[in-house]
Amino acid sequence: MSDVSTRTELARVVHVVDSSGFEAVISRGARDELKPGQRFLVFAYGPEVMDPDSGENLGRIELVRGRGEIIHLQDSMATIRSVEKRSGRPSKRVIRDTSMLGIATGRGQVIEEDWAAEEVLPFRDISVGDLAKPV
Amino acid sequence: MVARQQARHRLPRTRAALLFGGDPSVAGEPPVTLLLDRSDVFGSNLLVTIYYNEPLNVGGAESFEWLIGVGRVSNTQEDGRIQILVLSELATHVEIWQRIRRREAGVLRHVVVKPSVPYGEAGVEVRINE
């Protein structure tokens, strides 16, 4: 949610593991009570943005590099791997058969089918110095 | 009608439209990201629906609400503003999306984002006893 008062200090990207951009290392670790599987959103500050109607300066936009999950913890660092999926319309089919016939024949169940295989994307343009916050 | 107008006041204003991010392997223009004012009804990664309120009469308070797209909350900024990554632009409203992409003055004040997705618009097909 958008309660800025609860924000903790931001972590920084201190290393990009390989040029493909799927993994990066951030400046928080086990001593900051992070746990494997925790997710971070990586971003960098972009240019200032103006409201086209009022002309008000809205501040600097946060350019989202992607979201990652902790896969390895060290005392003061953590390695995160991208969990960002290909953007697009969600694609899942849910079929529920709760009819008596469905139950009697063992078909009384929920079937979920992905219409398209999900593909994980690398962080976009990630670089050392980018910021990371828990999400 | 009154209840609907009151409910609308709780929705954050759309303040800017930006073109960045998206999937680099997909050709074409980058997706639209809408920047909304602070709101505590938009959670991380929530699917949302994007509407365009077309005024029914000049200067009048009544408007018709067109569903123009579906998106998701891609970021809650440190200043509390909400970023909405547009996932789907309805082909029936190409002209409105072109105006949004051009950042035409006046167009964004008619764009409303709601933290819910109508049945059938989320790309999820649900069939019960069929």
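To be clear, the structure that these remarks concern was listed above.
Treat the numbers as computed from the prediction; the structure is a model and nothing was measured.

S.K.: Please give an account of helix α2 (residues 94–101) of chain B that cites residues and values.
M.R.: Residue and element names in this part refer to chain B. Within α2, the full set of buried residues consists of I96, W97 and I100. Seen end-on, α2 carries its buried residues on one side only, within an arc spanning 100°. For α2, the exposed residues set more than 90 degrees away from the buried face come down to V94, E95 and Q98. One or two positions beyond α2, positive phi appears at R103, with a value near 55°.

S.K.: Requested: an account of the sheet that holds strand β5 (residues 82–89) of chain B, with residues and values cited.
M.R.: Residue and element names in this part refer to chain B. Spatially, six strands are ordered β1-β2-β5-β4-β3-β6 in an open sheet, and the strand pairing comes out antiparallel. Taken across any chain shown, the strands that pair with only one partner, and hence form the sheet edges, are β1 (14–19) and β6 (111–114). Across the sheet, the mean angle separating the axes of adjacent strands is 35° when strand polarity is ignored. Direction of pairing for β1 relative to strand β2 (residues 32–36): antiparallel, over a ladder of five bridges. Residue A17 lies in a different strand from β2, and its bridge partner there is L34.

S.K.: Any details on the environment of R99 of chain B? Residues and values, ideally.
M.R.: All names here are of chain B. Note that R99 resides in helix α2. Given 19 C-beta atoms within 10 Å, R99 falls into the partly exposed group. Between the C-alpha atoms of R99 and G71, which are 28 residues apart in sequence, the distance is 18 Å. Those residues in contact with R99, other than ones at most four positions away along the chain, are E104 and V107.

S.K.: Describe the pairing of strand β3 (residues 39–50) of chain A, and please don't skip the residues or the numbers.
M.R.: Both faces of the sheet carry side chains from a regular strand, because those side chains alternate between them. Residue and element names in this part refer to chain A. As paired elements, β3 and strand β4 (residues 57–73) share nine bridges and run antiparallel to each other. By the bridge assignment for β4, L41 is matched with R67. Remark: six residues form the turn of the hairpin made by β3 and β4, two consecutive strands paired antiparallel; G55 in that turn has positive phi of roughly 80°. By the bridge criterion, four bridges tie β3 to strand β8 (residues 131–134) in an arrangement that is antiparallel. When the bridges of β8 are listed, F43 appears paired with L131.

S.K.: Describe in detail unusual backbone geometry, supporting the description with residues and values.
M.R.: Look at D125 of chain A: it is not a glycine, yet its phi comes out positive at around 60°. As for its position among the elements, D125 of chain A is in the loop between β7 (110–114) and β8. Here R103 of chain B, not a glycine, exhibits a phi torsion of approximately 55°, which is positive. Tracing the sequence through the fold places R103 of chain B in the loop between α2 and β6.

S.K.: Account for the pairing of strand β1 (residues 11–16) of chain A, naming residues and giving values.
M.R.: Residues and elements named next belong to chain A. Two elements, β1 and β8, share two bridges in a ladder whose sense is antiparallel. Bridge assignment links A11 to a residue of β8, and that residue is A132. Of the strand pairs in this sheet, β1 and strand β2 (residues 23–26) are connected by three bridges, and their pairing is antiparallel. Along β2, the bridge assignment pairs H15 with V25. What sits between the antiparallel neighbours β1 and β2 is a turn of six residues, in which G21 has the positive phi angle 80°.

What counts, and at which threshold
- Residues numbered from 1 in each chain as written.
- Chains lettered and ligands numbered in written order.
- Predicted model: local features only at pLDDT ≥ 70, side-chain atom pairs only at ≥ 80, totals over all residues.
- Buried ≥ 20, exposed ≤ 12 C-beta atoms within 10 Å, placed from the backbone.
- Helix = DSSP H or I, 4+ residues; strand = E, 2+ residues; numbered from the N terminus.
- Arc of directions from axis to C-beta.
- Pairing = 2+ DSSP bridges.
- Axes fitted to C-alpha atoms, helices over the stretch in contact; angles between N-to-C directions.
- Contact = placed C-beta atoms within 7 Å.

Function-wise, these values are silent; they only describe arrangement.
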